[in-house]
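Inside the fold
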Amino acid sequence: MLDFLYLSAPGLLPKPSMSIIQLFRESIDSVHLKCDTTVRFANISWLQNGKPLNSCRRIQLSNNNQTLTIQPVLRRDTGAYQCHISNPLSTQRSDTTTISVIFFILGSNLLSAQAQATKYNLPVFMNPSNAIEGQGINLTVRSAPAAFFICNWYRGGSDSKRNLIVTLYLPPLSGYDFGPAYTGRETPGPNCSLHIENLSQDDSGTYTVTQDGSSVHGRGDISMEVIDGPDTPVIKMTAMFLTQRSNRRLNCRASSFPEAEYRWFQNGKEFSKNADVLLKNIQSGTYTCQATNPFTQQKENTTLEIE
């Protein structure tokens, strides 16, 4: 709430000193202005850009016109507001309070507005530099020399509405609104940053950030591949009847990113580093396939008993 303060002796009204710029979101925020005076029985009115402001369903006056409420605020409410006070001896106006309203442009109008705006490339960074399954990651944006009001994060490589994760309102605004692509694991942070918790393979892909202000538009992209696995390997055995009935081919596969590295053991002794092995004159024993993620060095084993 903004207060116009009048410190006065009875009768004569000194001019208060106040000039504040406030930024509001169209159709979302409400404006509350209050005109305080110590003079009883004073007449109070309001001015917008020097002209009398009339009340309506959306613009309400209360408390003997001391309080002005605009709910919700629209772009036509932008301007300089003053409180005018009078009594039989004098009149006085407050200094101006400037209200600025930002508004969102949708559909084809958005593309037209962005085409006319000054464009900035927004470098995007990951911290840590590698995204690992089950862990978290921070996406941050390097600031540009422009006054941005709104920041949007998208997943999926495009800035379509269905890919919107979250909209952040930048200072002097505050707050955020989640979009259709929000999973419950994303947390917006300061300076248009985004934290994603408990990463999975489904989080792999391209992330896009956009920032918009008055006649300025910024955009940045970053590709993220979530390192995961390996899962428990699966061994498949096929018979080979080319020469002898005792020949067998063993195939080992495990889901992993990056692709897993494989090692084969017979009765605990390594005999191959390939995913596929051909066993000639196969012998009974314990055959173990070990899959290793080359980045995390996580290992998973599967054992096959041949009698």
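Residues numbered from 1 in each chain as written. Predicted model: local features only at pLDDT ≥ 70, side-chain atom pairs only at ≥ 80, totals over all residues. Heavy atoms only, no water.

- Going by what an unreviewed UniProt entry lists, the chain is known as Carcinoembryonic antigen-related cell adhesion molecule 1-like and is assigned to Thamnophis sirtalis.

A few points about the overall build of the chain
- When its secondary structure is counted, the chain shows 1 helix and 29 strands.
- Residues counted as buried form 42% of the 307 residues belonging to the chain.
- Considering only contacts in the chain between residues 6 or more positions apart, those separated by 24 or more positions represent 57%.
- For the chain, the accessible surface area stands at approximately 17,100 Å², while carbon and sulfur atoms represent 49% of it. (Helix = DSSP H or I, 4+ residues; strand = E, 2+ residues; numbered from the N terminus. Buried < 20%, exposed > 50% of the residue type's maximum accessible area, 1.4 Å probe, protein only. Contact = heavy atoms within 4.5 Å. Areas by Shrake-Rupley, 256 points an atom, 1.4 Å probe, with all protein chains shown as cover.)

A closer look at the state of the cysteines
- Under the definition given, this model contains 3 disulfides.
- Each sulfur in the disulfide pair Cys-35 and Cys-83 lies 2.0 Å from the other. Sign of the S-S torsion, about -75 degrees for the bond between Cys-35 and Cys-83, identifies this disulfide as left-handed. A residue pair is termed long-range when its members are at least 10 positions apart, and Cys-35 in strand S3 (residues 31-37) and Cys-83 in strand S8 (residues 79-86) qualify at 48 residues.
- For Cys-35, a relative accessible area of 0% puts it in the buried group.
- Judged by relative accessible area, which is 0%, Cys-83 ranks as buried. (Disulfide = S-S within 2.5 Å.)

Brief notes about the pattern of salt bridges
- The full count for this structure, using the stated rule, is 10 salt bridges.
- Close ionic contact of Asp-77 with Arg-58 constitutes a salt bridge, the shortest N to O distance being 2.6 Å. Of this pair, Asp-77 sits in the loop between strand S7 (67-70) and S8 while Arg-58 sits in the loop between strand S5 (51-52) and strand S6 (59-62), and the two are 19 residues apart along the sequence. Neither residue differs from the other here; Asp-77 and Arg-58 are each classed as buried. (Salt bridge = Lys/Arg side-chain N within 4 Å of Asp/Glu carboxyl O.)

Examining the sheet that holds strand S29 (residues 299-306)
- A sheet is described by the order of its strands in space; here 4 strands give the open sequence S26-S25-S28-S29, paired in antiparallel fashion. Since the sheet does not close on itself, it has two edges, and those belong to strand S26 (269-272) and S29, each with one partner. Ignoring strand direction, the axes of neighbouring strands in this sheet form an average angle of 30 degrees.
- Relative to strand S28 (residues 285-292), strand S25 (residues 261-266) runs antiparallel, the two being bridged by 6 bridges. The residue bridging Phe-265 from the neighbouring strand is Thr-288, located in S28. (Pairing = 2+ DSSP bridges. Axes fitted to C-alpha atoms, helices over the stretch in contact; angles between N-to-C directions.)

Examining the nonpolar core
- Core analysis: the largest hydrophobic core is formed by 26 residues, its most contacted members being Leu-139, Trp-153, Ile-196, Tyr-207 and Met-224.
- Apart from residues lying up to four places away in sequence, Leu-139 is in contact with Phe-125, Met-126, Trp-153, Cys-192, Ser-193, Leu-194, Ile-196, Tyr-207 and Ile-222.
- In this structure, Phe-24, Cys-35, Leu-53 and Tyr-81 belong to the second largest nonpolar core, which totals 18 residues. (Core = buried A, V, L, I, M, F, W, Y, C linked by side-chain atoms within 4.5 Å.)

Here we look at the packing of aromatic side chains
- Summed over the entire model, instances satisfying the criterion amount to 5 aromatic pairs.
- Their ring planes at 40 degrees and their centres at 6.4 Å tell us that Trp-264 and Phe-271 sit as a pair that is tilted.
- Ring-pair connections join several aromatic residues into one group, and the members of that group are Tyr-176, Phe-178 and Tyr-182. (Phe/Tyr/Trp six-rings, centres within 6.5 Å; stacked < 30°, edge-to-face > 60°.)

A few points about the environment of Ser-215
- Looking at where Ser-215 falls in the secondary structure, it is placed in the loop between strand S20 (205-213) and strand S21 (216-224).
- Considering only alpha carbons, one finds Ser-215 and Ala-117, 98 residues apart in sequence, at a separation of 4.4 Å.
- Beyond its immediate chain neighbours, meaning those up to four positions away, Ser-215 contacts Ala-117 and Thr-118.

Digging into the environment of Gly-157
- Mapped onto the fold, Gly-157 is located in the loop between strand S15 (148-155) and strand S16 (164-169).
- Under the relative-accessibility criterion, Gly-157 is labelled partly exposed at 35%.
- Apart from the residues lying within four places of it in its own chain, the contact partners of Gly-157 are Thr-206, Thr-208 and Arg-219.

Topic: unusual backbone geometry
- That bond from Gln-71 to Pro-72 is cis: its omega, -5 degrees, falls within 30 degrees of zero.
- Following the sequence through the fold, Pro-72 ends up in the loop between S7 and S8.
- The backbone phi angle of Asn-63 is positive, close to 55 degrees, even though this residue is not glycine.
- Among the structural elements, Asn-63 can be located in the loop between S6 and S7.
- Judged by its relative accessible area of 44%, Asn-63 falls in the partly exposed class.
- Unusually for a residue other than glycine, Asn-267 sits at a positive phi of about 55 degrees.

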